[in-house]
Amino acid sequence: MSDFDVDLFVIGAGSGGVRAARIAANHGATVIVAEEYRVGGTCVIRGCVPKKLLVYAARFADEFEDAAGYGWTLQRPVFDWPTLIANKDREIARLEAAYVANLERSKVKIVRSRAILEDAHRVRLVATGEVVRARHILIATGGWPSLGADIAGLEHVITSNEALDLAAFPKRILIQGGGYIAVEFAGIFHGLGAEVTLVYRGDNILRGFDDDVREHLRGEMEKRGIRILTRKLVEGVEKVDHGLCVSLSDHEAVVVDQVMFATGRRPNVTGIGLDRAGVQLNERGAVKVDRYSRTSVPHIYAVGDVTDRVNLTPVAIREGHAFADTVFGGREVAVDHADIPTAVFSEPEVGVIGLTEMEARHRYARVDIYKSSFRTLKMTLAARDTRCFFKLVVDGDSDRVLGCHIIGPDAGEMIQLVGIAIKMNATKADFDRVMAVHPTAAEELVTMRTKAATYVREAAE
Ligand code: FAD
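The shown structure was predicted, so the numbers you read here are calculated from the model rather than taken from an experiment. (Residues numbered from 1 in each chain as written. Predicted model: local features only at pLDDT ≥ 70, side-chain atom pairs only at ≥ 80, totals over all residues. Heavy atoms only, no water.)

### Let's talk about the pattern of salt bridges
Let me state the cut-off plainly: Salt bridge, as used here, is a side-chain nitrogen of Lys or Arg placed within 4 Å of a carboxyl oxygen of Asp or Glu. Runs of E in the DSSP output that reach at least two residues are strands. Runs of H or I that reach at least four are helices, and both are numbered from the N terminus. Here the term buried applies to any residue with accessible area under 20% of the maximum for its type, exposed to any over 50%, and partly exposed to those in between, with areas from a 1.4 Å probe on protein chains only.
Here the structure, examined in full by the defined rule, presents 44 salt bridges. In this structure, R135 engages D7 in a salt bridge whose closest nitrogen and oxygen atoms are separated by 3.6 Å. Taken together, the residues R135 in strand β6 (residues 131-139) and D7 in strand β1 (residues 6-11) connect sequence positions 128 residues apart. A residue is classified by how much of its surface remains accessible, and D7, at 16% relative accessible area, is buried. As a salt-bridge pair, D368 and K451 come within 3.7 Å of each other at their nearest N and O atoms.

Have a look at this one:
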């Protein structure tokens, strides 16, 4: 290796960076990965995994209550936040160690430092000042919570980063935001016993999701006791005797113990020398890449949230893998970003894939809608007032299923399987040919016979 110290330098050991580093090394490349915080990145350390552990914790509350209808008498359950956080931290540390071990097994060198680009081939390690000359560079620096406008008292506001590690459990919390992170944390804190207020500036939560899903989930969250205030904004936060006083745009004041903003995330592009290397950003402030994750500089690539394509862990992993195969594996691989199944671990859970009803009605001449809302068998004895929701969006001409939207227990598990059928271009008739599994909630997917609506698009003027 003459001009370069290493074949690949990866900035960021998160979902995308770790996968790319390991696969590139397995293809024979010499690889260094730099991480400024903890190996594993957002998903493992302060995203998907710790969040889902807290979701599991929160869901026991319903189980304890529902058990009564099945003949169980329980002592009043007592929840201890420090125990949950300590156990969660132990699992995260175990996972981080596993990530490190996997990288080391693949002969990837891990450096614990912030890394910044000096120019298009040289990377500086802030911890030591060392400069590494790299043949290829991968930017996998992820994203960071964005707090929005600089309101009074912003220093009292936490984000999802801190919410996963609070020293004390907040009995009252106000969460601003309407996206999946906001509704998930609302469910977590409510399930664990907090009084939760969700404030969102838009018309309804989960912008971008199917309107029926948004309506149904909101209704279910409100039935559980979460206060949802839409078309409102937090205008200021002030420390008072017994907590924090939050002023809303309609002049209401709410006193709580914690204020959390889940108001979006921004690509991590600041201060890493992208301009010095000539790496361009797109109009959304994310690193601009082509379908092979190549930036405006041919030997510099970027994957994951820093590119703001679809900000999910499995997508970052696929992009990292595809990059390594393309550059070091001798075959060009582009990631297919269409029809990505995804879940919202709210209470109840949401699983979706493909087009919403409105998207389909814009794109297709004829759209058939099938939907169903019902109480699951389990809820009959539990006497809980909660309903599942299933919706299929179908191309009325080809009969292909364009979208599937589910709310209810294990919706995330269900949508993963529905995803296989949808990627295989299954038609509604294919769904109908499948025998039901009875008694389950998922059987609804193959037993919805009656169209709820058919929309025929007017011919273009
Ligand atoms: P990251 O995983 O964010 O990794 C980037 C890494 O780069 C970080 O470790 C960071 O410390 C490091 N870094 C940044 N700059 C530098 C630098 N200059 N030098 C060295 N290191 C640097 N996705 C799902 O699929 N399912 C979920 O349920 C889910 N839940 C989520 C819940 C929350 C609360 C959050 C915040 C996110 C969630 N996500 C979920 C999204 C998911 O975590 C991200 O899409 C994923 O982690 C992106 O991977 P990445 O490799 O792009 O970046």
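### Quick notes on helix α12 (residues 411-423)
Filter applied, for reference: Multiply 1.5 Å by the residue count of a helix minus one, and that product is the helix's expected span. Here, two residues are considered to be in contact whenever any of their heavy atoms come within 4.5 Å of each other.
Under the 1.5 Å per step criterion, the end-to-end length of α12 is 18 Å for 13 residues, consistent within 8% with the ideal 18 Å. Listed in full, the buried residues belonging to α12 are A411, G412, M414, I415, V418, G419 and I422. Along its buried surface, α12 packs onto β18 (342-344), β19 (350-354), β21 (388-395), β22 (401-407) and α13 (428-433). Trailing α12 by a residue or two, N425 shows a phi angle of about 65°, which is positive.

### Description of the environment of K378
Among the secondary structure elements, K378 is positioned in helix α11 (residues 377-382). Accessibility expressed as a relative area gives 38% for K378, which makes it partly exposed. Residues K378 and L206 lie 172 residues apart in sequence; the distance between their C-alpha atoms is 27 Å. Excluding its chain neighbours within four sequence positions, the residues that come into contact with K378 are E63 and Y70.

### Some thoughts on the site of the ligand
Let me state the cut-off plainly: Any residue with a heavy atom positioned within 4 Å of a molecule or strand is treated as near that molecule or strand. For this analysis, a polar contact is any N or O atom pair within 3.5 Å, provided that within protein one partner can donate a hydrogen and the other can accept it, and provided that sequence-adjacent residues contribute only side-chain to side-chain pairs. For the area figures, the Shrake-Rupley method with a 1.4 Å probe applies, and any residue is considered shielded solely by the protein chains shown. The start and end points of each domain follow an automatic or database-based domain assignment.
Near the ligand there are 37 residues, and of these G16, E35, T42, K51 and D305 occur at the shortest range. A distance of 3.2 Å is found between an oxygen atom of the ligand and a backbone nitrogen or oxygen belonging to S15. Between the ligand and the protein, one listed contact pairs a nitrogen atom with a side-chain N or O atom of R114 at 3.4 Å. For the ligand, the accessible surface in isolation is 1,000 Å², of which the surrounding protein chains cover 95%. Only α1 (15-26), β2 (31-35), α2 (41-46), α3 (48-67), α6 (180-191) and α9 (313-328) provide two or more residues apiece to the shell around the ligand. The element that contributes the greatest number of residues to the shell around the ligand is α2, accounting for four residues. Composition of the shell around the ligand by domain shows at least three residues from each of domain 1 (6-144 + 266-328) and domain 2 (154-263).

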